[in-house]
Amino acid sequence: MNCLADLRMFSEIARSQSMASAASRLGMAPATISGRLKALEDHYGVALVRRTTRSFLLTEEGKLLLERAQPVLSGFAELERDMGGRRNAIAGGLILSCATDIGRSHVLSLVQAFARAHPNVDFSVRFDPPAALHENHFDVALRAGSLKDSGLTVRKLFDMATVSAAAPSYLAERGCPGTPEALSVHECLRLEGSSIFGDVWTFDGGGVGHLPVDGRFRASDPETLKTFALQGLGIFRLARADIDPELRSGQLHAVLEAFEPAPMPVSLISDPRRRLPARTAAFIDFALRHFAKGQGSQSLGWRQNAA
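Residues numbered from 1 in each chain as written. Predicted model: local features only at pLDDT ≥ 70, side-chain atom pairs only at ≥ 80, totals over all residues. Heavy atoms only, no water.

**Examining the packing of aromatic side chains**
Line of reasoning, step 1. The full count for this structure, using the stated rule, is six aromatic pairs.
Line of reasoning, step 2. Between Phe114 and Phe283 the ring centres are 5.1 Å apart and the planes differ by 80 degrees, which places this aromatic pair in the edge-to-face class. Placement of the pair is Phe114 in helix H5 (residues 104-117) and Phe283 in helix H9 (residues 278-292), with a sequence separation of 169 residues. Both residues of the pair, Phe114 and Phe283, count as buried.
Line of reasoning, step 3. Clustering of aromatic rings is evident, with ring pairs tying together Phe114, Phe123, Phe283 and Phe286.
Line of reasoning, step 4. Lying over the aromatic face of Phe127, Arg104 brings its terminal NZ or CZ to 3.8 Å of the ring centre. (Phe/Tyr/Trp six-rings, centres within 6.5 Å; stacked < 30°, edge-to-face > 60°. Helix = DSSP H or I, 4+ residues; strand = E, 2+ residues; numbered from the N terminus. Buried < 20%, exposed > 50% of the residue type's maximum accessible area, 1.4 Å probe, protein only. Lys NZ or Arg CZ within 6 Å of the ring centre and 35° of its normal.)

This is the structure we're talking about:
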């Protein structure tokens, strides 16, 4: 038996006080109504109605069932309305997982712009270790560099330029490295868990490629690395956008610029399901448009297909 459908039927029978009227309102044959009512009585093991040629009355058990069924039916109707409203409503919570080595200025500009356009979306922005794609729940993730096939949907958003830099005080004391190999005698500030800014740095030109680096200081937060660098504790690498103000002001000086690799792609990762919540689908579409303004080649072929 379909308990919810049978409760709806019983409620209509009680309201109509007529099997024929209930059958007409529900679009069912009277014989079907009669059979399902009998099945409902058999299920509970009690008579629910008392029928005579002139009257149709609920038994005490029928009255109890009707009383208890009303909140259930009302609650389900409210649930149906709420879920139907969410089908196209851009509202609710959205979890954005960003790798710690992605430029935060890029991330925050996107979140700020989307939040202004959609004030009913609540954000939880996390900065996770780059490899932690399957360890935590997220709605959308941002990761840099090449990605292994994860079964998730990947869309390129933009290219992220990197830069190596240090404070003038550090360079005055330890000298400025002329080649990547010279980093072997320098304090290199490393970002834990990052394949870009961690224990191996990648350079282009001169056949250098991947270069192991070392030093006394490492941190899991890029802002901490920047603070270390500003204090003259070593050379570090980050997304250029995140330290551009300090480079412009002279608080930090770029080094080895001739050896920096080409900007690397930053991709947006999402569940491959077709029926994404409207807020998630809208965020993906918004992110593609947001970065396309500065990335003319970005395809906008994807469009949301929300549940």
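**Some words on the side chain of Arg279**
Line of reasoning, step 1. Within the element layout of this structure, Arg279 appears in helix H9.
Line of reasoning, step 2. It is Asp139 that comes nearest to the buried, bridge-free Arg279 among opposite-charge side chains, at 5.2 Å.
Line of reasoning, step 3. A distance of 2.6 Å separates a polar atom in the side chain of Arg279 from the backbone oxygen of Gly93. (Lys, Arg positive; Asp, Glu negative; His and termini not counted. Salt bridge = Lys/Arg side-chain N within 4 Å of Asp/Glu carboxyl O. Polar contact = N/O pair within 3.5 Å; in protein donor to acceptor, adjacent residues only side chain to side chain.)

**Considerations on the pattern of salt bridges**
Line of reasoning, step 1. For the coordinates displayed, the defined rule picks out 14 salt bridges.
Line of reasoning, step 2. A salt bridge links Asp128 to Arg126, with the shortest nitrogen-to-oxygen separation between them at 3.3 Å.
Line of reasoning, step 3. The network of salt bridges with common partners includes Arg190, Asp199, Asp214 and Arg218.

**Some thoughts on the sheet that holds strand E14 (residues 264-270)**
Line of reasoning, step 1. A sheet is described by the order of its strands in space; here five strands give the open sequence E4-E3-E5-E14-E6, paired in mixed fashion. Strands at the two margins of the open sheet, each flanked by one partner only, are strand E4 (121-128) and strand E6 (153-160). Across the sheet, the mean angle separating the axes of adjacent strands is 20 degrees when strand polarity is ignored.
Line of reasoning, step 2. Bridge count between strand E3 (residues 92-99) and E4: eight bridges; the pairing is parallel. Along E4, the bridge assignment pairs Ile95 with Ser124.
Line of reasoning, step 3. Lying on the sheet, H5 is in contact with E3, E4, strand E5 (140-144) and E6; it crosses E4 at an angle near 170 degrees.
Line of reasoning, step 4. Against the sheet, H9 makes contact with E3, E4, E5, E6 and E14, and its axis sits at roughly 30 degrees relative to E6, the strand it touches most. (Pairing = 2+ DSSP bridges. Axes fitted to C-alpha atoms, helices over the stretch in contact; angles between N-to-C directions. Contact = heavy atoms within 4.5 Å.)

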